[in-house]
Amino acid sequence: MSDRAAALSALAERVADREGVVDAWTAKSFTDRLFVVEIPSEGALPESVRETLHDHDLREADEVYEVEGAADADFAGDLADGRRYRFVDVQSRGDLQSYVVE
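Nothing here was measured: the structure is a model prediction, and the numbers come from that model.

## Focus: the overall build of the chain
Thinking step 1. Helices and strands together make up the secondary structure of the chain, namely three helices and five strands.
Thinking step 2. Across the chain, helices and strands are ordered from the amino to the carboxyl terminus as α-β-β-α-β-α-β-β.
Thinking step 3. Considering the chain as a whole, with its 102 residues, one finds that 37% of them fall into the buried category.
Thinking step 4. Considering only intrachain contacts with a sequence separation of at least 6, the fraction spanning at least 24 residues in the chain is 60%.
Thinking step 5. Of the roughly 6,300 Å² of accessible surface on the chain, 45% is carried by carbon and sulfur atoms.

Laid out in C-alpha coordinates, this is it:
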(Lines give C-alpha, C1' and ligand atoms only; values in the text may rest on other atoms or scores of the structure.)
Protein backbone atom coordinates (compact mmCIF):
# COMPACT_ATOMS: atom_id res chain seq x y z
CA MET A 1 0.00 0.00 0.00
CA SER A 2 1.40 3.39 -0.94
CA ASP A 3 1.94 6.11 1.64
CA ARG A 4 -0.94 8.10 0.14
CA ALA A 5 -3.30 5.12 0.25
CA ALA A 6 -2.33 4.42 3.86
CA ALA A 7 -2.84 8.07 4.84
CA LEU A 8 -6.31 8.14 3.27
CA SER A 9 -7.27 4.84 4.91
CA ALA A 10 -6.29 6.30 8.28
CA LEU A 11 -8.28 9.45 7.46
CA ALA A 12 -11.31 7.29 6.61
CA GLU A 13 -11.12 5.66 10.05
CA ARG A 14 -11.00 9.08 11.74
CA VAL A 15 -13.87 10.45 9.64
CA ALA A 16 -15.99 7.35 10.34
CA ASP A 17 -15.64 8.06 14.07
CA ARG A 18 -17.09 11.56 13.77
CA GLU A 19 -20.58 12.41 14.92
CA GLY A 20 -23.05 12.45 12.06
CA VAL A 21 -21.03 9.97 9.98
CA VAL A 22 -22.01 6.31 9.62
CA ASP A 23 -18.98 5.11 7.66
CA ALA A 24 -16.09 6.26 5.46
CA TRP A 25 -13.70 4.37 3.22
CA THR A 26 -11.46 4.60 0.18
CA ALA A 27 -12.07 2.87 -3.13
CA LYS A 28 -10.50 2.75 -6.57
CA SER A 29 -12.05 3.73 -9.85
CA PHE A 30 -10.31 2.90 -13.12
CA THR A 31 -7.76 5.68 -12.70
CA ASP A 32 -8.53 7.49 -9.45
CA ARG A 33 -8.69 6.92 -5.72
CA LEU A 34 -12.12 7.74 -4.30
CA PHE A 35 -13.14 8.64 -0.77
CA VAL A 36 -16.71 7.74 0.21
CA VAL A 37 -18.65 8.99 3.23
CA GLU A 38 -22.04 7.70 4.41
CA ILE A 39 -24.29 9.63 6.75
CA PRO A 40 -27.72 8.89 8.25
CA SER A 41 -30.65 9.42 5.88
CA GLU A 42 -31.99 12.37 7.87
CA GLY A 43 -28.63 14.14 7.98
CA ALA A 44 -26.39 16.21 5.78
CA LEU A 45 -22.66 15.92 5.31
CA PRO A 46 -21.13 17.92 8.18
CA GLU A 47 -19.26 20.97 6.89
CA SER A 48 -16.34 20.11 9.18
CA VAL A 49 -15.99 16.77 7.35
CA ARG A 50 -16.03 18.50 3.97
CA GLU A 51 -13.34 20.95 5.17
CA THR A 52 -11.19 18.10 6.48
CA LEU A 53 -11.45 16.29 3.16
CA HIS A 54 -10.53 19.46 1.26
CA ASP A 55 -7.51 19.88 3.56
CA HIS A 56 -6.38 16.42 2.39
CA ASP A 57 -6.77 17.20 -1.35
CA LEU A 58 -10.09 15.41 -1.73
CA ARG A 59 -12.61 17.20 -3.95
CA GLU A 60 -16.25 16.64 -4.83
CA ALA A 61 -16.44 13.96 -7.53
CA ASP A 62 -18.88 15.71 -9.86
CA GLU A 63 -16.72 18.84 -9.85
CA VAL A 64 -13.57 16.85 -10.64
CA TYR A 65 -15.34 14.91 -13.39
CA GLU A 66 -17.10 18.09 -14.61
CA VAL A 67 -20.62 16.68 -14.44
CA GLU A 68 -22.95 19.36 -15.74
CA GLY A 69 -26.06 20.24 -13.79
CA ALA A 70 -24.97 18.50 -10.59
CA ALA A 71 -26.59 20.40 -7.73
CA ASP A 72 -24.57 18.65 -5.01
CA ALA A 73 -21.21 17.85 -6.55
CA ASP A 74 -20.33 15.33 -3.84
CA PHE A 75 -23.71 13.58 -3.51
CA ALA A 76 -23.57 10.01 -4.79
CA GLY A 77 -27.09 8.90 -3.85
CA ASP A 78 -29.64 7.93 -1.26
CA LEU A 79 -29.46 4.55 0.44
CA ALA A 80 -32.18 2.65 2.26
CA ASP A 81 -30.82 3.93 5.57
CA GLY A 82 -28.51 6.78 4.64
CA ARG A 83 -26.92 9.07 2.10
CA ARG A 84 -23.61 8.60 0.30
CA TYR A 85 -21.06 11.26 -0.70
CA ARG A 86 -18.10 10.73 -3.04
CA PHE A 87 -14.81 12.62 -3.32
CA VAL A 88 -11.77 12.21 -5.59
CA ASP A 89 -8.16 12.28 -4.45
CA VAL A 90 -6.80 15.03 -6.69
CA GLN A 91 -3.28 14.53 -5.35
CA SER A 92 -2.99 11.15 -7.07
CA ARG A 93 -5.56 11.67 -9.84
CA GLY A 94 -4.86 9.49 -12.85
CA ASP A 95 -2.03 7.56 -11.14
CA LEU A 96 -3.90 4.28 -10.81
CA GLN A 97 -3.94 1.82 -13.67
CA SER A 98 -6.66 -0.65 -14.39
CA TYR A 99 -6.61 -3.37 -16.94
CA VAL A 100 -9.06 -5.52 -18.82
CA VAL A 101 -8.67 -9.28 -18.80
CA GLU A 102 -9.60 -10.84 -22.12
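## Focus: helix α1 (residues 3-16)
Thinking step 1. Across its 14 residues, α1 extends 20 Å between first and last C-alpha, which sits within 8% of the 20 Å expected from 1.5 Å per residue.
Thinking step 2. The set of residues buried in α1 consists of R4, A5, L8, L11, A12 and V15. The arc that holds the buried residues of α1, viewed along the axis, is 120°, so those residues lie on one side. The outward face of α1, more than 90 degrees from its buried face, is lined by the exposed residues D3 and E13.
Thinking step 3. Those residues of α1 hidden inside the fold are in contact with β1 (23-28), β2 (33-40), α2 (47-55), β3 (58-60) and β5 (82-89).

## Considering unusual backbone geometry
The bulk of non-glycine residues show a negative phi, and the bulk of peptide bonds are trans.
Thinking step 1. A positive phi angle, near 60°, is found at D57, a position not held by glycine.
Thinking step 2. By secondary structure assignment, the location of D57 is in the loop between α2 and β3.

## Examining the nonpolar core
Thinking step 1. Counting 15 residues, the largest nonpolar core has V15, F35, V37 and L53 as its most contacted members.
Thinking step 2. Here this core takes four residues from α1, the largest share from any one element.
Thinking step 3. Dropping the residues within four chain positions of it, F35 is found in contact with L8, L11, A12, V15, A24, W25, T26, L53, L58, Y85, R86 and F87.

## Some remarks on α2
Note on helix geometry: an α-helix contains 3.6 residues per turn, so any two residues three or four positions apart are oriented the same way.
Thinking step 1. All buried positions along α2 are accounted for by V49, R50, T52 and L53. For α2, the angular spread of the buried residues around the axis is 160°, confining them to a single face.
Thinking step 2. The inward-facing, buried residues of α2 abut α1, β2, β3 and β5.

## A short note on the pattern of salt bridges
Thinking step 1. For the structure on display, the rule yields six salt bridges.
Thinking step 2. One network of salt bridges, in which partners are shared, links R4, R33 and D89.

## A word on the environment of V15
Thinking step 1. In this structure, V15 sits in helix α1.
Thinking step 2. In this structure, the C-alpha to C-alpha distance between V15 and T52, residues 37 residues apart in sequence, is 8.7 Å.
Thinking step 3. Those residues in contact with V15 that lie beyond four places of it in its chain are V21, A24, F35, V37, V49 and L53.

Definitions and limits used
Residues numbered from 1 in each chain as written. Predicted model: local features only at pLDDT ≥ 70, side-chain atom pairs only at ≥ 80, totals over all residues. Heavy atoms only, no water. Helix = DSSP H or I, 4+ residues; strand = E, 2+ residues; numbered from the N terminus. Buried < 20%, exposed > 50% of the residue type's maximum accessible area, 1.4 Å probe, protein only. Contact = heavy atoms within 4.5 Å. Areas by Shrake-Rupley, 256 points an atom, 1.4 Å probe, with all protein chains shown as cover. Expected span 1.5 Å × (residues − 1). Arc of directions from axis to C-beta. Core = buried A, V, L, I, M, F, W, Y, C linked by side-chain atoms within 4.5 Å. Salt bridge = Lys/Arg side-chain N within 4 Å of Asp/Glu carboxyl O.

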